[in-house]
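Chain by chain, the residues:
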Amino acid sequence: MKKSLLTLLVAAATSLPAFAWPDKPITLIVPFPPGGSTDMIARQLSGKMGEKLGGNATVIVENKAGATGTIGATFVARAPADGHTMLVASLGPFVIAPHLIKVQYDALKDLDPITVVVQAPNVLVVPAASAHKSLADVIAYQKANPGKMTFASSGNGSSDHLTAELFWQQTGTSGVHIPYKGGGPVMSDLLGNQVESSFMNINTALPQIKAGKLRALAITSAKRSPLLPDVPTLEEGGVKDANVQSWQAVAAPKGLPADVKKRVHEAVLASINDPAIKPKLLELGFEIVLNTPEQFAAFQASEFSRWQKLITSRGIKAD
């Protein structure tokens, strides 16, 4: 009788999780300043994840900006793998910054992938008064005037900068890269006709395109966007291997317990698919991804290699 009771107690104990999770607030680390796309995604998540996890779960957002997102990524990589610290970041800290600056973490080994939340293409835009009416116009002008047309970006190594470099590489042309510190000054100078073009993220450019202040000439997605159905893809214009997406993802410190990872993944999916959130993201031009941790890991490795090759071949340097 005693032996039977002891066996039942042992079985019950081994079936319990190693710890009750979450037993304190979950912090979503955003490695950029407040107000950008990453911060917006994180705050949408924080508003719903606690509810989806149930109980008394609390989810907060903390901004740890600096060094192109790598300060926040380093903080998460060094945090305990107990499910209470997560990274919400764009592709920069995951697949670009490690090729441009010295970082204090291994992007492929020190973070546990949860999911790519959303992605959004870039749009080649010019001021409404520009003489360039089509992608073909831009390519022809650059071939006739190499190294003259200005392309603004939000900074060296940003998604918009790398898209321009890829564009020049694939078309055998060249332009003048004008790096800014963030997307705000880019938009200001585009609208003021101080720069000639930019590969701007669709959710940033869309309001000005709809207002008739910017002209969209091409989009970097594999197919046309339902938000800009008349704008052709770069590949339609003959630019090969030009599918570029700016994506936002969730990761954790390496070694997250499997049961916690499963619950986090389910909570992120449920939060983003919530009727109060999903339609808003779609209206802004985001495509919902929500892949598995395994799919995210494979995708990250592919993107890591892709951008490493471009950065090396084009001799791209950090600011």
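This text follows the structure it describes.
Residues numbered from 1 in each chain as written. Predicted model: local features only at pLDDT ≥ 70, side-chain atom pairs only at ≥ 80, totals over all residues. Heavy atoms only, no water.

**Observations regarding the overall build of the protein chain**
Right, on to step 1. The helix and strand tally for the protein chain stands at 11 helices and 10 strands.
Right, on to step 2. Dimensions along the principal axes, computed over C-alpha positions, put the protein chain at roughly 90 × 40 × 30 Å.
Right, on to step 3. Across the 319 residues of the protein chain, 51% fall into the buried class.
Right, on to step 4. Counted over contacts in the protein chain with a minimum sequence separation of 6, partners at least 24 positions apart contribute 78%. (Helix = DSSP H or I, 4+ residues; strand = E, 2+ residues; numbered from the N terminus. Buried < 20%, exposed > 50% of the residue type's maximum accessible area, 1.4 Å probe, protein only. Contact = heavy atoms within 4.5 Å.)

**Focus: the packing of aromatic side chains**
Right, on to step 1. Applying the stated criterion across every chain yields a total of eight aromatic pairs.
Right, on to step 2. Members of the aromatic cluster, each reached through a chain of ring pairs, are Phe94, Trp247, Phe296 and Phe299.
Right, on to step 3. Note that Lys64 overlies the ring of Phe75, its terminal NZ or CZ placed 4.5 Å from the centroid.
Right, on to step 4. If you follow Arg306 out to its NZ or CZ, it ends over the ring of Trp307, 4.7 Å from the centre. (Phe/Tyr/Trp six-rings, centres within 6.5 Å; stacked < 30°, edge-to-face > 60°. Lys NZ or Arg CZ within 6 Å of the ring centre and 35° of its normal.)

**Examining the pairing of strand β8 (residues 214–219)**
Right, on to step 1. Summarising burial for β8: six of the six residues are buried, a large majority.
Right, on to step 2. Relative to β8, strand β4 (residues 111–127) runs antiparallel, the two sharing five bridges. Paired with Val123 across the bridge in β8 is Ile219. (Pairing = 2+ DSSP bridges.)

**Points about the nonpolar core**
Right, on to step 1. Of all hydrophobic cores here, the largest spans 50 residues; its most connected members are Leu45, Val125 and Ile272.
Right, on to step 2. The residues touching Ile272, leaving out its near neighbours within four places in the chain, are Leu45, Val117, Ile277, Lys278, Leu281, Ile288 and Leu290.
Right, on to step 3. Listed in part, the 28 residues of the second largest apolar core include Val76, Ala77, Ala251 and Phe304. (Core = buried A, V, L, I, M, F, W, Y, C linked by side-chain atoms within 4.5 Å.)

**Overview of the side chain of Thr74**
Right, on to step 1. Relative to the helices and strands, Thr74 resides in helix α3 (residues 70–78).
Right, on to step 2. Take Thr74: its relative accessible area is 11%, and that puts it in the buried class.
Right, on to step 3. Not counting residues within four places of it along the chain, the set of residues in contact with Thr74 comprises Gln104 and Tyr105.

**Considering the pattern of salt bridges**
Right, on to step 1. This model, assessed by the stated rule, comprises 12 salt bridges.
Right, on to step 2. With a shortest N-O distance of 2.9 Å, Arg43 and Asp39 are connected by a salt bridge. Within this pair, Arg43 and its partner Asp39 are both found in helix α2 (residues 37–53), separated by four residues, close to a single helical turn.
Right, on to step 3. Overall, the relative accessible area of 38% leaves Arg43 in the partly exposed class.
Right, on to step 4. Note on Asp39: relative accessible area 6%, which makes it buried.
Right, on to step 5. Between Glu236 and Arg224 there is a salt bridge; the shortest N-O distance is 2.9 Å. Separated by 12 residues along the polypeptide, Glu236 in the loop between β8 and β9 (245–253) and Arg224 in the loop between β8 and β9 bring together distant segments of the chain.
Right, on to step 6. A relative accessible area of 47% means that Glu236 is categorised as partly exposed.
Right, on to step 7. Taking relative accessible area as the criterion, Arg224 reaches 37% and is therefore assigned partly exposed.
Right, on to step 8. Shared partners join several salt bridges into a network, and the residues in it are Lys48, Glu51, Lys52 and Asp274. (Salt bridge = Lys/Arg side-chain N within 4 Å of Asp/Glu carboxyl O.)

**Digging into the pairing of strand β7 (residues 197–201)**
Right, on to step 1. For β7, the tally of buried residues reaches five of five residues, placing the bulk of the element in the interior.
Right, on to step 2. Burial along β7 is two-sided: the face carrying Ser197, Phe199 and Asn201 and the face carrying Ser198 and Met200 are both buried.
Right, on to step 3. Alignment of β4 against β7, held across four bridges, turns out to be antiparallel. Residue pairing across strands places Val123 opposite Met200, the latter belonging to β7.
Right, on to step 4. In terms of strand pairing, strand β5 (residues 150–153) meets β7 through two bridges, oriented parallel. Among the inter-strand pairings, Ala152 is bridged to a residue of β7, identified as Ser198.

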